[in-house]
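Chain and residue survey
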Amino acid sequence: MHEESTGQQPNPESEPRSGPEPRIYVASLSDYNAGRLHGAWIDAWQTPEEMQLDIDDMLADAPRADAEEWAIHDYDDFDAIELREHEPLQHVAWYAGQLREHGSAFAGWFAATGYDPEDGLDFTDVFEGEWPSLEAYVAAYLEDTGLDALLDEAIPGELRAYVQVDIDALARDLQLGGDLITVNTRDGRTWIYRAT
């Protein structure tokens, strides 16, 4: 949605919001090159077409009559995702939609992988959740497979205590082998993603 252009860049911290509300500050390049700041904060979770309409409105209100080109000069609530000045609006909308739906877990995955939005991957297909550690994830995975029950059946009771899966080694191998990607959270937990 188009916001009134004031000639000064608004402070994104001055507006109370709950949850991620990614937005971009788009500036008129002809005004910028003439030493004048003219732009608007635009909600980034809109469609690319809606964002372009807001940009067109901003350019139409520009002090310079030749205002046609624009660039992203700032952004807010994109977590670890860094936008370029001329980031395609399709990418901006996709990032914003994923952040609003999945939060920081998406941003962590994107920063770790450098994923190309053009590939059209569904984030839920790769995200394995937040875990206390990679080892905790691997232990739960092994439990779900029923491996312990198989070992109980196959190995005589007096030997069973000596036959264990080395969870630490398996976790390390899954990560080093490229099967899993991990990102440590600020609170000491781990986001786990399957490699694509």
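Counting its secondary structure elements, the protein contains eight helices and six strands. Taken from N to C terminus, the helices and strands of the protein fall in the order β-α-β-α-β-α-α-β-α-α-α-α-β-β. Computed over its C-alpha atoms, the radius of gyration of the protein comes to 24 Å, more than 25% above the 16 Å expected for a compact globule of 196 residues. Along the longest, intermediate and shortest principal axes, the C-alpha atoms of the protein span 85 × 30 × 25 Å. Here the protein holds 196 residues, and 37% of them are scored as buried. The contacts of the protein with a sequence gap of at least 6 include a subset with a gap of at least 24, amounting to 58%. Here the protein displays about 11200 Å² of accessible surface, and carbon together with sulfur accounts for 47% of that area. The positive charge centre, built from 11 side chains, and the negative charge centre, built from 43, are 4 Å apart in the protein.

A few words now on the sheet that holds strand β3 (residues 70-76). Pairing within the open sheet is antiparallel, and its three strands lie in the order β2-β1-β3. Strands with a single pairing partner mark the edges of an open sheet, and in this sheet they are β2 (39-43) and β3. The mean angle between the axes of side-by-side strands here comes to 30°, regardless of whether they run parallel or antiparallel.

Core analysis: the biggest nonpolar cluster contains 34 residues, and Ile24, Phe78, Ile81 and Trp109 have the highest contact counts within it. Going through the elements one at a time, β1 (23-28), β2, α2 (48-60), β3, α3 (89-102), α4 (104-113) and β6 (190-194) are the ones with two or more residues in this core. Among the elements that take part in this core, α3 stands out by supplying seven residues, more than any other. Residues within four places of Ile81 in sequence aside, it is in contact with Tyr75, Tyr95, Leu99, Phe106, Ala107 and Phe110. In terms of nonpolar packing, the next biggest core, distinct from the first, is built from seven residues, Leu134, Val138, Leu142 and Ala171 among them.

Tracing the backbone shows Trp191 in strand β6. Measuring from C-alpha to C-alpha, the distance between Trp191 and Gly108 comes to 8.0 Å, with 83 residues separating the pair along the chain. Beyond its immediate chain neighbours, meaning those up to four positions away, Trp191 contacts Ser104, Ala105, Gly108, Phe127, Gly129, Glu130, Ile181, Thr182, Val183 and Thr185. Polar side-chain contacts of Trp191 include one of 2.9 Å to the side chain of Glu130.

Now for the packing of aromatic side chains. Overall, the coordinates contain 15 aromatic pairs when judged by the stated rule. On the numbers, 5.8 Å between centres and 40° between planes, the contact of Trp94 with Tyr115 is tilted. Of this pair, Trp94 sits in helix α3 while Tyr115 sits in the loop between α4 and β4 (127-131); the two residues are 21 residues apart in sequence, bridging distant segments of the chain. For the pair Trp94 and Tyr115, a shared accessibility class is recorded, and that class is buried. Aromatic side chains Phe106 and Trp109 sit 5.8 Å apart centroid to centroid with 45° between the ring planes, which places their arrangement in the tilted category. A residue pair is termed a helical-turn pair when its members lie 3 or 4 positions apart in one helix, as Phe106 and Trp109 do in helix α4 at three residues. Three or more aromatic residues link up through ring pairs in this structure, and these residues are Trp94, Tyr95, Phe106, Trp109, Phe110, Tyr115, Phe123, Phe127 and Tyr193. A cation over an aromatic ring shows up here: Arg23 above the ring of Trp41, its NZ or CZ 4.5 Å from the ring centre.

Criteria and cut-off values
Residues numbered from 1 in each chain as written. Predicted model: local features only at pLDDT ≥ 70, side-chain atom pairs only at ≥ 80, totals over all residues. Heavy atoms only, no water. Helix = DSSP H or I, 4+ residues; strand = E, 2+ residues; numbered from the N terminus. Rg over C-alpha atoms; globule rule 2.2 N^0.38 Å. Buried < 20%, exposed > 50% of the residue type's maximum accessible area, 1.4 Å probe, protein only. Contact = heavy atoms within 4.5 Å. Areas by Shrake-Rupley, 256 points an atom, 1.4 Å probe, with all protein chains shown as cover. Lys, Arg positive; Asp, Glu negative; His and termini not counted. Charge placed at Lys NZ, Arg CZ, Asp CG, Glu CD. Pairing = 2+ DSSP bridges. Axes fitted to C-alpha atoms, helices over the stretch in contact; angles between N-to-C directions. Core = buried A, V, L, I, M, F, W, Y, C linked by side-chain atoms within 4.5 Å. Polar contact = N/O pair within 3.5 Å; in protein donor to acceptor, adjacent residues only side chain to side chain. Phe/Tyr/Trp six-rings, centres within 6.5 Å; stacked < 30°, edge-to-face > 60°. Lys NZ or Arg CZ within 6 Å of the ring centre and 35° of its normal.

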